[in-house]
Amino acid sequence: MPRTSPAPAAAPPSTPTHCPYCALQCGMNLRAAAGGDVVEVVERTDFPVNRGALCGKGRTAPAVLSSRVRLTEPLVRRPATGRLEPATWEEALVKIAEGLGRTQRGYGPDAVGVFGGGGLTNEKAYALGKFARVVLATSQIDYNGRFCMSSAAAAHQKAFGLDRGLPFPLEDIPRTGCVILVGSNLAETMPPALRYLTELKENGGTLIVVDPRRTRTAEQADLHLAPRPGTDLALALGLLHIVVSEGRTDESFVQDRTAGWDEARAAAMAHWPELVERITGVPVPQLRDAVRMFCDAPAGMVLTARGPEQQSKGTDTVGAWINLCLATGRAGRPLSGYGCLTGQGNGQGGREHGQKADQLPGYRKLTDPAAREHVAGVWGVDPDSLPGPGRSAYELLDALGGDIKSLLLMGSNPVVSAPRAAHIEERLRSLDFLAVADVVLSETAALADVVLPVTQWAEETGTTTNLEGRVLLRRKAVDPPPGVRTDLEVLHSLAALLGHEKGFPVDPEEVFAELRRASAGGPADYSGISYRRIAEEDGVFWPCPEGAPASSTAPTDSTAHAVPAAHAAPGDDHPGTPRLFLDRFATEDGRARFVPVTHRPAAEEPDAEYPVLLTTGRVVAQYQSGAQTRRVDELNAAAPGPFVELHPRLAQRLGVSEGDRLSVVSRRGRAVAPARITDSIRSDTVFMPFHWPGEGRANTLTNPALDPTSRMPEFKVCAVRIERAQD
Ligand SMILES: Nc1nc2c(c(=O)[nH]1)N[C@H]1C(S)=C(S)[C@@H](COP(=O)(O)OP(=O)(O)OC[C@H]3O[C@@H](n4cnc5c(=O)[nH]c(N)nc54)[C@H](O)[C@@H]3O)O[C@H]1N2
Ligand SMILES: Nc1nc2c(c(=O)[nH]1)N[C@H]1C(S)=C(S)[C@@H](COP(=O)(O)OP(=O)(O)OC[C@H]3O[C@@H](n4cnc5c(=O)[nH]c(N)nc54)[C@H](O)[C@@H]3O)O[C@H]1N2
Ligand code: SF4
Ligand SMILES: [Mo]
């Protein structure tokens with residue numbers, strides 16, 4: 001069993017590294033204990049983000065390194081039995097090359113799809129994107145980050161010209177005056193980060209939490225607004241209305257640093273407080289209190305997470321919250337700003353280096369001729385050979401078995417995590433060929449024709465970029481069990497089998513060196529970052545151009561705009577950029593853009609047949625599709641299975657008692673899970689966590705209605721009916 005212990009004075013050496021799970025990327029030390037089979041987590045207090053604190057998932061992460069729960073040999077589906085059975089690496093790799101090659105020859109390159117993950121290191125995400133574009137020549141690549149922070153990313157781009165989760169380090173949070181936390185249950189999803197909110201309050205600051213549930217996070221708030229799911233857009237517009245009508249606009253900031261205020265103000269003025277109360281269910285006095293708290297404070301931040309973002313209007317919703325920051329001068333200034341709390345371990349870096357459908361490394365656009373030329377130069381290929389943008393994650397998965405015949409998947413478990421999951425499962429089954437690389441036999445891997453067992457976090461070196469934009473080094477701390485290989489080795493071998501002997505190195509530092517060159521001059525410029533610097537500096541914040549002192553961070557191609565950096569003496573290496581936008585935003589003219597947005601309903605509103613709102617999310621002890629954490633005894637003991645959270649009034653109306661098996665039915669299907677009755681949720685809404693497969697799978701119910709800009713599915717709102725389940 002994994003144990004956490006304080007570092008004793010004369011302990012055997014341990015390796016500083018980072019947690020495999022969420023975007024906080026907590027620092028920890030790992031030590032292989034006697035016998036080699038046991039890996040201990042040792043406190044690492046020197047890493048500033050978590051200062052030694054870990055949640056239960058991080059503390060128990062070594063349990064997934066055990067050969068008892070993971071894959072240690074390749075599996076191939078045998079025609080005779082129809083089952084996945086052990087195979088040699090050579091056979092498995094050849095089968096994949098043949099499977100993908102057959103599709104390519106029969107139907108053309110775009111019939112092969114690639115699906116990646118925001119948990120993959122920067123090196124892997126970069127190599128996977130390059131593999132898709134150069135080896136497979138397919139445009140059909142996207143990744144699970146589309147389901148995560150894509151709406152915030154799109155809104156960031158529109159408003160600021162650059163997308164980085166937080167434009168400031170977490171350490172700034174305690175020193176701002178007021179934080180509005182929208183749809184984030186930080187206390188369960190990033191527990192060590194709760195400290196920053198506690199310190200904010202200790203410093204006299206205030207916390208406003210916006211969540212339809214009184215979560216553990218909302219319990220910490222000075223003011224908790226509990227809107228009806230899917231109405232955050234109206235809520236933000238209502239607050240802006242009050243800002244304007246009460247004369248709290250920061251006119252000089254709007255004048256000097258922004259554009260588009262007149263249209264945005266006009267749109268907000270159509271959302272008067274009483275109307276907003278009717279839409280959201282949040283009483284007008286609470287709306288006024290929120291504005292007063294936010295505007296009275298000397299500085300303020302709005303932080304969003306998946307609550308407002310995973311909606312079919314997520315981009316506009318985040319835009320409305322950004323408008324609120326801009327109108328009140330809470331952006332582009334010290335200790336103020338809008339930020340998105342990204343989710344996965346490499347949720348930030350995973351969206352910067354080319355596994356996203358429309359993107360090239362360095363956060364460049366695949367449609368930009370200058371970006372294509374630069375990256376093609378680094379890759380040694382003709383720019384015209386690079387395919388164009390492909391489809392978004394849900395659209396790609398929905399096309400499986402249609403015009404996409406084969407899929408290579410790395411780092412996601414869509415059978416559990418995709419919206420309308422029964423349909424996606426059926427699409428995966430209809431493929432001619434499916435190859436999955438994973439550390440465990442996930443529900444998706446179990447459908448594959450070939451499964452490759454790969455190494456994980458503690459067994460390999462690579463970089464991740466946390467929610468602050470801090471590029472970190474995850475160091476190899478232990479040897480992998482025999483029989484597994486790294487994702488980089490997999491891509492190297494497949495590329496070679498498909499005719500590309502060169503260009504896919506297996507050494508992560510070599511891949512990083514190439515990534516640095518590919519990202520140079522792009523918006524997410526990593527060219528000045530090295531493994532050595534990361535190790536010496538507790539991580540380096542991008543953008544960090546090579547050889548450029550901070551003062552000369554100038555645009556070097558059409559996809560980049562100058563971003564002011566922290567201060568450095570002339571001649572120094574670029575110090576990295578912990579704080580963005582302090583002098584100018586990353587738009588062409590340096591001004592932030594207001595977006596004129598108006599409220600609209602969710603894609604599916606309750607009606608007579610489906611009268612209740614379903615929202616979904618997380619619990620502290622399980623991670624995502626649960627592929628990893630459902631293999632840890634201690635976590636299963638804490639969170640053994642799915643449940644339906646509902647208010648006592650709704651329970652009474654339905655004649656339901658605690659623990660009763662409920663059938664939750666939407667237009668997509670039916671899920672069954674026990675009732676958990678609590679007055680911490682609105683009475684028109686039920687909540688289900690999405691970590692489990694089978695009959696309690698929340699995503700059997702969810703609506704794949706997509707945001708028109710970000711293509712984010714509406715995980716957070718759909719209409720359901722609730723029945724007592726027949727046994
Ligand atoms: N324990 C744990 N931690 C994790 C993860 C995990 O799976 N488990 N995953 C990681 C990842 S990838 C991510 S993306 C983050 C996600 O982190 P969070 O965004 O904090 O997680 P969620 O639980 O999905 O959603 C947050 C809150 O949104 C609320 N909500 C639901 N509907 C609405 C709405 O319409 N409006 C508003 N304002 N709020 C709403 C929910 O009640 C919930 O409390 O967590 C990361 N950390
Ligand atoms: N209803 C509902 N559904 C949701 C959400 C929600 O809030 N509600 N949230 C969405 C969000 S924000 C997210 S991020 C997605 C996440 O959902 P998924 O994409 O399913 O994420 P994981 O469960 O983390 O899957 C990662 C898989 O990759 C494997 N893996 C881990 N590390 C590696 C590696 O280095 N290499 C390889 N090859 N494999 C690896 C793991 O074992 C696991 O099987 O779920 C989305 N789905
Ligand atoms: S908060 Fe996130 S990074 Fe930190 S230990 Fe928990 S899962 Fe790991
Ligand atoms: Mo996520």
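Treat the numbers as computed from the prediction; the structure is a model and nothing was measured.

Criteria and cut-off values
- Residues numbered from 1 in each chain as written.
- Chains lettered and ligands numbered in written order.
- Predicted model: local features only at pLDDT ≥ 70, side-chain atom pairs only at ≥ 80, totals over all residues.
- Heavy atoms only, no water.
- Buried < 20%, exposed > 50% of the residue type's maximum accessible area, 1.4 Å probe, protein only.
- Helix = DSSP H or I, 4+ residues; strand = E, 2+ residues; numbered from the N terminus.
- Pairing = 2+ DSSP bridges.
- Phe/Tyr/Trp six-rings, centres within 6.5 Å; stacked < 30°, edge-to-face > 60°.
- Lys NZ or Arg CZ within 6 Å of the ring centre and 35° of its normal.
- Near = heavy atom within 4 Å.
- Polar contact = N/O pair within 3.5 Å; in protein donor to acceptor, adjacent residues only side chain to side chain.
- Areas by Shrake-Rupley, 256 points an atom, 1.4 Å probe, with all protein chains shown as cover.
- Nonpolar A, V, L, I, M, F, W, Y, C, P; charged D, E, K, R; others polar.

## Notes on the pairing of strand β10 (residues 206-210)
Burial analysis of β10 places 4 of its 5 residues in the buried class, the great majority of the element. Sheet topology places strand β9 (residues 178-182) next to β10; 5 bridges connect them, and they run parallel. Each bridged residue has a counterpart across the sheet, and for Cys178 the counterpart in β10 is Thr206. Relative to strand β11 (residues 223-225), β10 runs parallel, the two being bridged by 3 bridges. By the bridge assignment, Val209 is partnered in β11 with His224.

## Description of the packing of aromatic side chains
For the structure on display, the rule yields 10 aromatic pairs. Ring centres of Phe147 and Phe715 lie 5.5 Å apart, and the angle between their planes is 80 degrees; on these two criteria the pair is classed as edge-to-face. With Phe147 in the loop between β8 (141-143) and α4 (150-160) and Phe715 in the loop between β30 (713-714) and β31 (718-724), this pair connects stretches of sequence that are 568 residues apart. Between the aromatic rings of Phe160 and Phe585, the centroid separation amounts to 5.5 Å while the plane-to-plane angle is 15 degrees, which identifies the pairing as stacked. In this pair, Phe160 sits in helix α4 while Phe585 sits in the loop between β22 (540-541) and β23 (592-593), placing the two residues 425 residues apart along the sequence. Grouping residues by exposure puts Phe160 and Phe585 together as buried. Every member of this aromatic cluster is reached through a ring pair, and the members are Phe160, Phe581 and Phe585. One cation-aromatic arrangement involves Arg213 over Phe687; the distance from NZ or CZ to the ring centre is 3.6 Å.

## Some thoughts on the site of ligand 2
The environment of ligand 2 is made up of 31 residues, and the closest members are Asn144, Ser412, Ser417, Asp438 and Ser625. At a separation of 2.6 Å, an oxygen atom of ligand 2 approaches a polar side-chain atom of Asn144. In the environment of ligand 2, an oxygen atom lies 3.0 Å from a nitrogen or oxygen atom belonging to the side chain of Lys716. Contact with the protein chains removes 96% of the 920 Å² of surface that ligand 2 exposes when unbound.

## Let's talk about the site of ligand 1
The local shell around ligand 1 holds 33 residues, among which Asp211, Asp232, Arg618, Gln622 and Gln624 are the closest. Contacts to ligand 1 include Arg213, whose side-chain N or O atom sits 2.8 Å from an oxygen atom. The backbone of Gln624 places a nitrogen or oxygen atom 2.6 Å from an oxygen atom of ligand 1. Protein burial of ligand 1: of its 900 Å² of free accessible surface, 99% is covered by the chains. Elements represented by at least two residues in the shell around ligand 1 include exactly α5 (186-189), α12 (306-309) and β24 (612-617). Partitioning the shell around ligand 1 into residue classes produces 10 nonpolar, 15 polar and 8 charged.

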